[in-house]
Amino acid sequence: MLKKVKQRFSRLLGGNNKTQKLVRRDIPRDEHNVSRTSISDPAKKVLHRLNKAGFEAYLVGGGVRDILLDGKPKDFDVATSATPEEVHALFRNSRLIGRRFRIVHVLFGREVIEVTTFRGNATDNTDDSASDQRKTSEHGLLLRDNVYGSMEEDALRRDFTINALYYCIRDFTVIDFAGGVDDLNNRQLRLIGDPETRYREDPVRMLRAIRFAAKLDFAIEPATEAPIRELAPLLTHIPAARLFDEVLKLFTAGHGEATYDLLQRYDLLAPLFPDTVRALNAGEPDELIRQALRNTDARIRQGKSVTPYFLFAAMLWPALQAEWRKRQDQGEPIQPALHQAIAKVIGRQIQATSIPKRFSGPMKEIWELQMRLPRRQGKRALTTMEHPRFRAAYDFLLVRENAGELEPGLGQWWTEFQATDERGRERMLSQLGNSGPKPKRRRRRPPGNRTA
């Protein structure tokens, strides 16, 4: 069996990556730091129930990786010999999801344990039914892959060596098939198999490489990074809805600015934000984007939430500025030009990364309120402050000031205006004075001069 797996592994690797070898390494408990106390109770319940039912089941992927790095896993995944239907039958609190890869989510309140069946390689299977379960596009993109196999084969179907680590809760060993532990120690990110083939199977793996490199502060191994720039355009073949989800993963992991730098370095920002990249190449500054990402990273470190519409409002701001300026140069009035620019920028962006209306609407309001925030005379300030999107627009204003886009002062005024009482607000408004002449009051004609 092992010889057969080695042969499959050799074909999967291709001729350009012969240094990788299939060498199973079982690391006993006294040689690693993975402990049951580091694993959530729901994950342990899933592992024990699958084992008790006679199936193989292992903690796999990021959970094992992060514990080995002395980190705290965000979630836990399980790999098993049970089929999705068998897993679903064992857990009443589960649901089957996925079309490309059929998986099971076992729900424990807010915690979700993702369970996948060991995957195989259909190209080595003469069974026609297996071939029907694995389908690729003309570009090499893997459209469907529901071929099941052994644990060894499953390890080789995973993306990076550091994610192909398995923890056995029965004997407490860590099982390493692809040298993942060594790569963890060397702090390097290495793709399993021939990089170009694996990226063509799923171009999103290029984004995952960036996300892990930024999150873990790992170097991308030379063979793994070599094809990325050339293959970056393949991301345009990925559904826009999936890329929207990937953007959120990239920029809400607490390492947004580092991720942004890597995306630019490997030409991966353009498939995600084409208008933004065009604007930056034309001379628009990106300091607001950087400042917004720094703020996002700080909020995540503090355990605060991050709103997707604020993130996209920042990422698309250079594109909006370029489009707005172009329309004004063509003679359009300022406000209509802004509205048209917003519609144009959002319309083009959703072709790259679809933005749900529940996010595109608030994003539009944040942008529009940037014109209203400087207009504070009379009752305007009070009316603006009552807007449901005022707080987000105010935060965006502060980002603009910190980025050097605006002269400081307006943000501080709004900070004080929110903090003071009603009398203090009246005083602040009176100190502003009136801009422009007072409107003329209509004179009422004397009763005797009225015409019949």
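Report follows, based on the coordinates. (Residues numbered from 1 in each chain as written. Predicted model: local features only at pLDDT ≥ 70, side-chain atom pairs only at ≥ 80, totals over all residues. Heavy atoms only, no water.)

### A look at the pattern of salt bridges
Argument step 1. By the definition in use, this model includes 30 salt bridges.
Argument step 2. For D41, the salt bridge is made with K44, and the minimal N-O distance between the two is 3.4 Å. On the criterion of helical spacing, the pair formed by D41 and K44 is a turn pair, its members being three residues apart in helix α2 (residues 41–52).
Argument step 3. In this structure, the salt-bridge partner of E201 is R198, at a minimum N-O distance of 3.1 Å. Of this pair, E201 and R198 both sit in helix α8 (residues 195–201), separated by three residues, roughly a single helical turn. The pair E201 / R198 is uniform in exposure class, with both members buried. (Salt bridge = Lys/Arg side-chain N within 4 Å of Asp/Glu carboxyl O. Helix = DSSP H or I, 4+ residues; strand = E, 2+ residues; numbered from the N terminus. Buried < 20%, exposed > 50% of the residue type's maximum accessible area, 1.4 Å probe, protein only.)

### Considerations on helix α20 (residues 357–372)
Argument step 1. Over its 16 residues, α20 runs 23 Å from end to end, which matches the ideal 22 Å to within 8%, given 1.5 Å per residue.
Argument step 2. Residues of α20 that are buried in the fold lie against α12 (240–251), α17 (308–315), α18 (317–329), α19 (334–352), α21 (380–385) and α22 (390–402). (Expected span 1.5 Å × (residues − 1). Contact = heavy atoms within 4.5 Å.)

### Details of the side chain of E257
Argument step 1. Looking at the element boundaries, E257 is found in helix α13 (residues 256–265).
Argument step 2. A distance of 3.3 Å separates a polar atom in the side chain of E257 from a polar atom in the side chain of R290.
Argument step 3. When sequence neighbours within four positions are dropped, the list of residues in contact with E257 reads R290, L293, R294 and D297. (Polar contact = N/O pair within 3.5 Å; in protein donor to acceptor, adjacent residues only side chain to side chain.)

### So, the layout of surface pockets
Argument step 1. Computed from the structure, the second largest pocket encloses a volume of approximately 370 Å³.
Argument step 2. Surrounding the second largest pocket, 18 residues form its lining, R299, S305, T307, F310 and D395 being those nearest its centre.
Argument step 3. When contributions to the lining of the second largest pocket are tallied by element, the ones reaching two or more residues are α16 (287–301), α17 and α22.
Argument step 4. For the lining of the second largest pocket, the element with the highest residue contribution is α22, accounting for five residues. (1 Å grid on protein atoms, 1.4 Å probe; cavity = no way out; pocket = protein on both sides within 12 Å on 5 of 7 lines; lining within 4 Å. Points joined across faces, edges and corners; volume = space filled by probe spheres on them.)

### Thoughts on the environment of I67
Argument step 1. In this structure, I67 sits in helix α3 (residues 62–68).
Argument step 2. Residue I67 is classed as buried on the basis of its relative accessible area of 3%.
Argument step 3. On a C-alpha basis, the gap between I67 and V34 in space is 6.0 Å, while along the polypeptide they are 33 residues apart.
Argument step 4. Those residues in contact with I67, other than ones at most four positions away along the chain, are N33, V34, S38, I39, P73 and F76.

### Re the sheet that holds strand β1 (residues 25–27)
Argument step 1. With respect to topology, eight strands assemble into an open sheet ordered β1-β10-β9-β2-β3-β6-β5-β4, the strand pairing being mixed. Of all strands in the sheet, those bounded by a partner on one side alone are β1 and β4 (94–97). For this sheet, the mean angle separating the axes of adjacent strands, direction not counted, is 30°.
Argument step 2. Inspection of the sheet shows strand β3 (residues 77–80) paired to strand β6 (residues 111–117) by four bridges, in the parallel sense. Across the sheet, D77 pairs through a bridge with E114, a residue of β6.
Argument step 3. Packed onto the sheet, α2 meets β2 (57–60), β3, β5 (103–108) and β6 and runs at close to 35° relative to β6. (Pairing = 2+ DSSP bridges. Axes fitted to C-alpha atoms, helices over the stretch in contact; angles between N-to-C directions.)

### Overview of the packing of α12 against α17
Argument step 1. Remark: α12 packs on α17, axes separated minimally by 11 Å, with the N-to-C direction vectors making an angle of 90°. Judged by the angle between their axes, α12 and α17 are roughly perpendicular. The residues of α17 that touch α12, namely those facing F244, V247, L248 and F251, are P308, L311, F312 and M315.
Argument step 2. Along the lines of polarity and charge, the residues of the contact of α12 with α17 split into eight nonpolar, no polar and no charged. (Parallel < 35°, antiparallel > 145°, perpendicular 65-115°, else oblique. Nonpolar A, V, L, I, M, F, W, Y, C, P; charged D, E, K, R; others polar.)

### Observations regarding the nonpolar core
Side chains of nonpolar character tend, in soluble globular proteins, to be buried together.
Argument step 1. Grouped together as the largest cluster of nonpolar side chains are 98 residues, with contacts concentrated most on L50, F251, L268 and W367.
Argument step 2. Ranked by residues supplied to this core, first place goes to helix α9 (residues 204–216) with nine residues.
Argument step 3. F251 has contacts with G256, T259, Y260, L263, F273, L293, T296, I300, L311 and M315, leaving out every residue within four places of it along the chain. (Core = buried A, V, L, I, M, F, W, Y, C linked by side-chain atoms within 4.5 Å.)

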